[in-house]
Amino acid sequence: MPDGSRLNAISPLADEPRDAGRHADAGAVRFEGVEKTYDGETLVVHDLDLDIAAGEFLTLLGPSGSGKTTTLMMLAGFEVPTRGTISVGGRDITRVPPHKRGIGMVFQNYALFPHMSVAENLAFPLGVRGIGKPERKSRVTNALEMVRMEDFGARMPGQLSGGQQQRVALARALIFEPTLVLMDEPLGALDKQLREHMQYEIKDLHRRLGVTVIYVTHDQTEALTMSDRVAVFNHGRVQQVAPPRDIYERPQTAFVAQFIGENNRITAKIEKLAGAQAIAVTRSGQRILCEPAAEAKAGEDVLVSIRPEALSVASPGTGGENALPATVSNVIYHGDHIRLTVAAGSGEEFVVKAPTRQAEHATIGTNVEIVWNARDARALPI
Amino acid sequence: MTAAAIPATQDRSRLRRDLARAGRRRRLLAIGLIAPLFLFLLFSFIIPIGDMLRRAVVDSEIAETWPHAAAMLRQWDRRKDPDEAMFAVLGRDIEASAKAHTVATAARRLNYAIDGGRSLVMDTGRALRKLDAEPPSWREALVAANPAWGDKKTWIALAEASGPLTDFYLLTAVDLERDSANRIVHRPAQQSLYIEVLARTVLISVTVTVLCLLLGFPLAYYVASAPPDRAGLLMILVLLPLWTSLLVRTVAWIVLLQDQGIVNQMLMAVGLIDAPLRLIFNRTGVVIAMTHVLLPFMILPIIATMRSIPPTYVRAAISLGAHPAVAFWKVYLPQTLPGVAAGTLLVFIMALGYYVTPTLVGGPKDQMLAYFIAFYTTQSSNWGLAAALGVLLLVATAILYFAYSRLAGLNQVRLG
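Residues numbered from 1 in each chain as written. Chains lettered and ligands numbered in written order. Predicted model: local features only at pLDDT ≥ 70, side-chain atom pairs only at ≥ 80, totals over all residues.

Quick notes on the overall build of chain B
- In terms of regular secondary structure, chain B is built from 20 helices and two strands.
- Taking 416 residues into account, the globule formula puts the C-alpha radius of gyration at 22 Å, and chain B, at 31 Å, lies well above it.
- Expressed along its principal axes, the backbone C-alpha trace of chain B runs to roughly 100 × 95 × 35 Å.
- The buried share among the 416 residues of chain B stands at 34%.
- For chain B, contacts bridging at least 24 residues in sequence account for 69% of all contacts bridging at least 6. (Helix = DSSP H or I, 4+ residues; strand = E, 2+ residues; numbered from the N terminus. Rg over C-alpha atoms; globule rule 2.2 N^0.38 Å. Buried ≥ 20, exposed ≤ 12 C-beta atoms within 10 Å, placed from the backbone. Contact = placed C-beta atoms within 7 Å.)

Structure, rendered in structure tokens:
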């Protein structure tokens, strides 16, 4: 089977990843010492080193202005790095013009050409590659089938719903069989339910086609549910690159802990390091057994971060690795869980997210003890 | 929900009444808001245009001046020669109008229809005014005053002109006339003028429109894609001509383009030419000045359309493998067409009716239709022909507009 008919070879429901017969690293991406400045004074992207394996789903996550979109645009070729090199599949593409990079791209507003029908939109990348009419037609049919839009070829983009437009945009970015696909907040304009559905579809396409996907979003849930790895950006620097679970449970910096999910933060100073664990002392003199991030040293000020669901409410005197007497100051019922605000004797406030059945007895004014495991308390350098 | 959706019958009729009342209030408000504009358009546009169209076909001058003769001529069987009774009716009318000093109106009207019509009527009027009593033979009296009355052609022309409606002006506007047998024929070449003027008007308008598009499109593209502060400055430069008097701009071109003007002096100083080029008071001057004056009307709708095209379209096309030039041609350009269509239509239709600029910077062979309309309105008081030429311009504009909108797709035209 020639490489050019890869999409024809797979049925829409085929399960096998389909990069058999291709260079194994064709979709691998490497950023080396990449920097970007627009005004010659401030760096939008700082000294970026990033390796992305072929077939990986990597999400660039960060607040707006953190450099994630600029990074994506440099990879696409619409921005030129002021320093460093970018390579795809081992080939340096830093100076290759964007139309010769062969990278598929999905935009936030879909960017379907409004004056062309769905089929014409899909045929566009094939047409500019000089692919003949009969093959174009069969590949358009296959691509429509792939995103389950068989009956929509003759429609104009304006006649489609947001989700349908996004499917066509996906099909268009994949129809010329790139090994690497970039997605710039592709689901940003959809409502919550549709967004979740499309997350599943994108994930499914990724699994079936085996392409490398680099996905930009500022939505942490999206990043956690879809990615193989997440790269968290802030102020032009990569804070942490790790699988979603590590990002959420073992953040390396205060920013990552704060940006992803909720957390209770306690300022403390590390008293002593003991193997994988450390003892930190809060300002009020409370000792906390915690797990330090790689860089933490004894005597350093840290931020101890504990997820609300890692805390549990127990009756006073229960004890454990960490236990703190506290009073319930607020209770909010959420159906499947209850959110408690508790005031510790030391003056800190904690938010506890407890399963409804476990926290039934906690009402405002109740004296309780909040307890947590040392491995759920991350000591992060400030 | 379901209970509220099916109210009892009397409730339903009350609901309907309330709805009607609420709707009425909204309708009255809408009418109130539109009324000032509607009245303004009615008095400043619809009524004057209607009156103009009426004047192109109404022929009341003879009928008002010589009412009895006009009534009689409408009944006249043109195969027969005019008899003494007819001479008598006409003679009495001419005598009356000569004494009431209204004969000049009829004289002017008959002059359009036949050569020497004015002197024919004025001579007759002068002769008949001296009469103290009814002449024994009106025929002899009239033929004595001017022998043309003995010619049947004079009578036919007079009958044609005695209204109440006429196609004379409309036929003249397209270089046609009726011959003595009442057939529509082409006017002799030395009397034909307006078809050529119309062709010239369309040609100049097309030239100006094409030049505006060629100059305006790249500029609009630059303004639309420039950063906001520079775009603002450029927009002021685009709008500046609009804020300056049309007359001032046109006269400025005379200063620039005349034989001793800056352009010629520069060209001669550089040594490109030895003698000054003729740049003004000819077709070149008209086209240059009109292009300058109309350019903003091309640029503004194109900029508006371009600004509404997100840059991601071109980026998407490039990311899909299209060379930037291909992306521009196949993805960007088609999306600017609504603005281009609006701009060309605006410029073309404005150019069709242009008056001031060609009058000031054009030669006698560069005058457009509007010049002749103005001439017949203000100088020769031939309102009928002025109105007919106005109708010609209106019809030509309408035909071109529909042809164009069919070509470009009417929904494609987006103004602003």
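After that view, the rundown keeps rolling.
Points about the overall build of chain A
- Per the secondary structure count, chain A includes nine helices and 20 strands.
- Oriented by its inertia axes, the alpha-carbon framework of chain A measures out at about 80 × 45 × 40 Å.
- Per-residue burial for chain A yields a buried fraction of 40% across its 382 residues.
- The contacts of chain A with a sequence gap of at least 6 include a subset with a gap of at least 24, amounting to 66%.

Things to note about the packing of helix α3 (residues 118-127) of chain A against helix α5 (residues 162-174) of chain A
All names here are of chain A.
- Viewed as axis vectors pointing N to C, α3 and α5 meet at an angle of 25 degrees, and their least axial separation amounts to 8 Å. As far as their axial angle goes, α5 and α3 are roughly parallel. Classified by chirality, the crossing of α5 by α3 is right-handed. Taken together, the residues of α5 that come into contact with α3 (itself represented by Val118, Asn121, Leu122 and Pro125) are Val168, Ala171 and Arg172.
- Tallied by class, residues from the contact of α3 with α5 come to five nonpolar, one polar and one charged. (Axes fitted to C-alpha atoms, helices over the stretch in contact; angles between N-to-C directions. Parallel < 35°, antiparallel > 145°, perpendicular 65-115°, else oblique. Left-handed = near helix turned anticlockwise from the far one by under 90°. Nonpolar A, V, L, I, M, F, W, Y, C, P; charged D, E, K, R; others polar.)

Concerning the nonpolar core
- Judged by nonpolar contacts, the single largest core of 109 residues is most densely connected at Ala171, Ile214 and Val304 of chain A.
- Among all residues touching Ala171 of chain A, those that are not within four sequence positions of it are Leu122, Ala143, Leu144, Met146 and Val147 of chain A.
- Residues Leu346, Tyr354, Leu369 and Leu393 of chain B belong to the second largest nonpolar core, which totals 58 residues. (Core = buried A, V, L, I, M, F, W, Y, C linked by C-beta atoms within 7 Å.)

Things to note about the domain arrangement of chain B
Residues and elements named next belong to chain B.
- Here chain B is described as being made up of domain 1 (2-57), domain 2 (61-164) and domain 3 (194-412).
- The centre of domain 1, based on its C-alpha atoms, is set 39 Å off from the matching centre of domain 3.
- Each partner contributes to the interface: domain 1 provides four residues, whereas domain 3 provides six residues. (Domains from an automatic or database assignment.)

What about the packing of helix α11 (residues 194-225) of chain B against helix α17 (residues 324-352) of chain B?
Residues and elements named next belong to chain B.
- Viewed as axis vectors pointing N to C, α11 and α17 meet at an angle of 145 degrees, and their least axial separation amounts to 9 Å. As α11 runs across α17, the sense of the crossing is right-handed. Every residue of α17 that contacts α11 at Thr201, Ile204, Ser205, Val208, Thr209, Cys212, Leu213 and Gly216 is listed here: Val340, Gly343, Thr344, Val347, Phe348, Ala351 and Leu352.
- Across the contact of α11 with α17, the residue classes tally to nine nonpolar, six polar and no charged.

Topic: the pairing of strand β2 (residues 43-52) of chain A
All names here are of chain A.
- Looking at chain direction, strand β1 (residues 29-37) and β2 are connected through six bridges and run antiparallel. What sits directly across from Val29, in β2, is Ile52.
- In this antiparallel pair of consecutive strands, β1 and β2, the connection spans five residues, and Gly40 shows a positive phi of 80 degrees. (Pairing = 2+ DSSP bridges.)

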